[in-house]
Every structure is written in C-alpha cells, then in structure tokens.
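In case you want the letters, here they are:
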Amino acid sequence: MKSSENERAGGPADELPAVAPQLRSLRRRAGLTLEAAARDAGLSPAHLSRLETGQRQPSLPMLLALARVYSTTVSDLLGETVADGDAIVRAGDMEPTRAGGWTYWQSGAPGRGMQALRVRVPYGSQGDIVRVHPGEEWLYVLHGRLRLRLGDTTHVLAPGDSAHFDSLTPHRLAAEDHDGVELLFVHTLLQSPTAALCLGPITGELP
C-alpha cells in the first residue's frame, strides 16, 4: 500500500538535521532518480524533493514507504546506529519517571524513531489538558478504563482496546475510574522532544 501524499508543514528543518541528507544519500545509493523513488513511495517528486532538502519533515508512513523502496530500515533513514544490546529492555531497567501526576516507564530503546512507554494515569490527573503535537500515537489499555477525547468525539476504552491516531488531532486522556488506568503507549519522535514524554503543549480545554 502506498503512503499518503498529504503534505503537512513540519517544524524547523534543524529538528532532524540528519534525515534530509540521509534520504538523498540512500536514494542515490539505491540508484533511483527522484521521480522513480517518489513514484514507488506514492509521493510526488516535488514532495520528496522537499523532504530531501529539509523543507518538510517525513511522517512515519512516508519513512516506512521510503525504507521499503530503498531496501533499508527506518532507523537507517534516520541515521541511527543502535547497538544490538539496545534491542532488549529488561523489566529491572525500567526506571519510573513522574510528570504531571502520570508515571512513565521507558519500554523501548533510546534513539529510535518511536518511543515506547508504559504509562500509569491516576484518576483526575491532567483530564483537562489538550495535547496537539506532530507525530502519531498508538495506545493499548492494560488495566482500568481510559477516557480518550479525539477532536469532538469521546471514547471509553476498556482493557484490550487500542487506538491509533494522528497526534495533530487535539486529544486528551483521562482515567475513567477511580482506580486509574494503565496503558502501553507508542508515539513517533520525528518532531516531538523526548523530554516531553508525550505530554505535548497545553493548548487549553475542550468544551
């Protein structure tokens, strides 16, 4: 399946300084013209050119499509070199981090294009914070029930339920029950600072 060509303005070009030249280098290494690579990835040549010059930041689906075209990995596209030992994260190494009343455990290796977390959300914590930030998010409810607001729609997710959405959609998360909720949470780091731990900027309250 070809990736969407929907263009969305990214952040400053210096947020991912290695991506643009890496995209161009890998295309040339694959012996593909701009037109051929764009066609195979489902993009326009103009959009791929903007990705290669840093005028646009690639979404995760775009990176996946380009990685397939260039017969490589997303990590290679991002210019990452991750040691083999970093592939495994032991339970004893997952130190909790607390921010805004939530508790986070890093569940993935650092330096990746995605950040994996286990998150504990207490009842009544941050329920009024609306998050809007570039990237994509996937979450899976482990325990408890989650109240997820996406735009103007509210969903209640039970254990075993999941959600996958564009992080530019205004969203807020809250525990539905007094016992709180625990989630597996994955989001892309393409334009989101790791230190923010998925909190995103506070943009106000949804009605």
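Since we're looking at a predicted model, the values are computed, not measured. All residue numbers here refer to positions counted from 1 along the written sequence of the relevant chain. A pLDDT threshold of at least 70 governs which residues receive local features in this predicted model, and a stricter bar of 80 or more applies before side-chain atom pairs are shown or counted, although totals over entire chains, interfaces and linings include all residues. Based on all heavy atoms of the structure, the side-chain values leave hydrogens and waters out of the count.

(A) Representation of the overall build of the protein chain in the model. On a plain count of helices and strands, the protein chain comes out with five helices and nine strands. Secondary structure elements are taken from DSSP: a helix is a run of H or I of four residues or more, a strand is a run of E of two residues or more, and numbering for both begins at the N terminus. Helices and strands appear in the protein chain in the N-to-C order α-α-α-α-α-β-β-β-β-β-β-β-β-β. Think of it in three bands: with a 1.4 Å probe and only protein chains considered, a residue is buried below 20% of the maximum accessible area for its type, exposed above 50%, and partly exposed in between. A total of 207 residues make up the protein chain; the buried ones form 41% of that total. Pairs of residues are marked as contacts when any of their non-hydrogen atoms sit within 4.5 Å. Of the contacts formed within the protein chain by residues at least 6 apart in sequence, a portion of 68% connects residues at least 24 apart. To measure how exposed things are, a 1.4 Å probe is used in the Shrake-Rupley method; for residues, cover is taken only from the protein chains shown. Taken as a whole, the protein chain presents about 10,600 Å² of accessible surface, with 52% of it coming from carbon and sulfur.

(B) The arrangement of helix α3 (residues 45–52) in detail. Listing the buried residues of α3 in full gives His 47, Leu 48, Leu 51 and Glu 52. Down the axis, α3 shows its buried residues gathered within 140° of arc, on one side only. Those residues of α3 that are buried are in contact with α1 (19–29), α2 (34–41) and α4 (60–69). Downstream of α3 by a residue or two, Gly 54 has a phi angle that is positive, lying close to 80°. An arc is given here, and it is the one of the directions from the helix axis to the C-beta atoms.

(C) Here's a closer look at the confidence of the model for the protein chain. Chain-level pLDDT for the protein chain is 77 on average; 76% of the residues reach the 70-or-more range. Known as pLDDT, the predictor's confidence for each residue is given on a scale from 0 to 100. Taken element by element, the predicted model of the protein chain shows its lowest mean pLDDT in helix α5 (residues 74–77) (71) and its highest in strand β6 (residues 153–157) (97). Predicted confidence for residues 1–17 stays below pLDDT 50, and this span has 35 contacts to residues more than four positions away or in other chains. For residues 190–207, every residue scores under 50 in pLDDT, and the model assigns this stretch 51 contacts once sequence neighbours within four places are set aside.

(D) Structural view of the sheet that holds strand β5 (residues 146–150). At least two bridges found by DSSP between two strands is the condition for calling them paired. Ordered by their spatial adjacency, three strands build an open sheet running β6-β5-β8, and the pairing between neighbours is antiparallel. Of all the strands in the sheet, just β6 and β8 (171–175) have a single pairing partner and so form its edges. Within this sheet the neighbouring strands show an average axis-to-axis angle of 20°, counted without direction. Judged from the five bridges that link them, β5 and β6 form a sheet pairing that is antiparallel. Where helices are involved, their axes are fitted lines through C-alpha atoms of the stretch in contact, as for all axes, and angles between N-to-C directions lie from 0 to 180°.

(E) Geometry of a nonpolar patch on the surface. Patch members must show over 30% relative accessible area and no salt bridge, and they are joined within 9 Å when carrying like charges or within 5 Å when they are nonpolar side chains of Val, Leu, Ile, Met, Phe, Trp or Tyr. Any carboxyl oxygen of Asp or Glu that lies within 4 Å of a side-chain nitrogen of Lys or Arg is treated as forming a salt bridge with it. Together, Trp 138, Tyr 140 and Leu 184 make up a nonpolar patch on the protein surface, roughly 230 Å² of accessible area in all. You can see Leu 184 is positioned in strand β9 (residues 181–188).

(F) Expanded view of the sheet that holds strand β7 (residues 162–166). Spatially, the six strands line up as an open sheet ordered β1-β2-β3-β9-β4-β7, and their pairing is antiparallel. Edge positions in the open sheet fall to β1 (96–99) and β7, since each of these has one partner strand only. For this sheet the average axis-to-axis angle between neighbouring strands, irrespective of direction, equals 25°.

(G) Representation of the packing of aromatic side chains within the structure. Only Phe, Tyr and Trp rings take part, Trp by its six-membered ring, and two of them pair if their centres are within 6.5 Å. Stacked means planes under 30 degrees apart, edge-to-face means over 60, and tilted covers everything else. Evaluation of the coordinates by the stated rule reveals two aromatic pairs. With centroids separated by 6.1 Å and ring planes inclined at 40°, the aromatic side chains of Trp 102 and Tyr 104 adopt a geometry described as tilted. Comparing Trp 102 with Tyr 104, the two get one shared label, buried. Over the ring of Trp 105 we find Arg 118; its NZ or CZ atom is 4.1 Å from the centre of that ring. Think of it as a cone above the ring: NZ of Lys or CZ of Arg counts as a charge over the ring if it is within 6 Å of the ring centre and within 35 degrees of the ring normal.

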